[in-house]
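The chain contents come next:
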Amino acid sequence: RVTRYLPLPSMVITRDMDIHFCNDRFLEHINVSRADWEASSPSLHNIMDMLGDPRSPVYAQLAFDPDNWRRVIERFVLGYKVDNVFCEYESWHLERLARWRQLPEPAGSLLTELWDNIKIDRWQPAGEVRADFSFYTMHLRTRTGNDVRLRPIFTIVGDYRYPRIISLVPADADSERALLQ
C-alpha cells in the first residue's frame, strides 16, 4: 500500500527479484497501462527478465546505451548475489539462475559472464562503500524520447530486508525536468 502513495516511480520486490506491485507512476514511466501490466507474462514481472528480455518495455529504454545496460545488470547481479548468498544451493535459486542464463542474447551470455565473474566477499569490512555514484545511476530514454539519469533508492518497511520498495529518483536537474514533461 505504501507504494501507491509515493510520487516517484516505485515497485515492490522480493529477494528473488520478482516485482509484486508497481505504482502508476512507474507504469507511466515505462509506458504500460495497468491492464497491460496485469495481463503481461509473469516472467516479465522480474527485474532480471525485465532488463534482459527484448519483449520488456524497460529493455528498449536501457539497451540504447550498451555500457549503461551492462552496468545496470551488473548492479542487480551483485545485489542479488549479496542478498541470496546463503541460498545458492536452494532449488528456487538454481531454477531462477538457469532461466536467466537462457535469456535472449546478448542478455543471457552477459548475465552468465557477470554471474561467473562477480565475486562477493561475505565478510566485507564495515565502512567500505563504493564511492563511484555512476555505478548506481541508470541512463534511460523515456517514452517521450527524453534521456534521463535516475538513481534507485531502497525503502524497507518493517523489520526485514524484504519486501523492499525501489523508487527511481532523478540524478540531476535536467532529468528532473524531463520526467516532469
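Details of the structure are given in the entry above.
Residues numbered from 1 in each chain as written. Predicted model: local features only at pLDDT ≥ 70, side-chain atom pairs only at ≥ 80, totals over all residues. Heavy atoms only, no water.

**A closer look at the packing of aromatic side chains**
So, point 1. Within this structure, the stated rule accounts for three aromatic pairs.
So, point 2. An angle of 80 degrees between the planes, with centres 5.9 Å apart, marks the rings of Y59 and W69 as edge-to-face. Here the residue Y59 occupies a position in helix α5 (residues 57-63), and W69 occupies one in helix α6 (residues 66-83), the gap between them amounting to 10 residues.
So, point 3. With 5.0 Å between their ring centres and 75 degrees between their planes, Y80 and W100 make a pair best called edge-to-face. Of this pair, Y80 sits in helix α6 while W100 sits in helix α7 (residues 91-101); the two residues are 20 residues apart in sequence, bridging distant segments of the chain.
So, point 4. Its relative accessible area of 1% is what places Y80 among the buried residues.
So, point 5. By relative accessible area, W100 is classed as buried at 0%.
So, point 6. Note that K81 overlies the ring of W115, its terminal NZ or CZ placed 4.9 Å from the centroid.
So, point 7. Across from the ring centre of F64, 3.9 Å away, lies the NZ or CZ of R141, which sits over that ring. (Phe/Tyr/Trp six-rings, centres within 6.5 Å; stacked < 30°, edge-to-face > 60°. Helix = DSSP H or I, 4+ residues; strand = E, 2+ residues; numbered from the N terminus. Buried < 20%, exposed > 50% of the residue type's maximum accessible area, 1.4 Å probe, protein only. Lys NZ or Arg CZ within 6 Å of the ring centre and 35° of its normal.)

**A closer look at empty space enclosed by the protein**
So, point 1. The tally for this structure, following the rule as stated, stands at two cavities of 30 Å³ or more.
So, point 2. By volume, the largest cavity is sized at about 180 Å³.
So, point 3. Around the largest cavity, the lining comprises 17 residues; the ones closest to its centre are M11, F26, L51, V58 and M138.
So, point 4. Contributions of two or more residues to the lining of the largest cavity are made by α2 (24-29), α4 (47-52), α5, α6, β3 (138-141) and β5 (164-170).
So, point 5. A per-class count over the lining of the largest cavity returns 15 nonpolar, two polar and no charged. (1 Å grid on protein atoms, 1.4 Å probe; cavity = no way out; pocket = protein on both sides within 12 Å on 5 of 7 lines; lining within 4 Å. Points joined across faces, edges and corners; volume = space filled by probe spheres on them. Nonpolar A, V, L, I, M, F, W, Y, C, P; charged D, E, K, R; others polar.)

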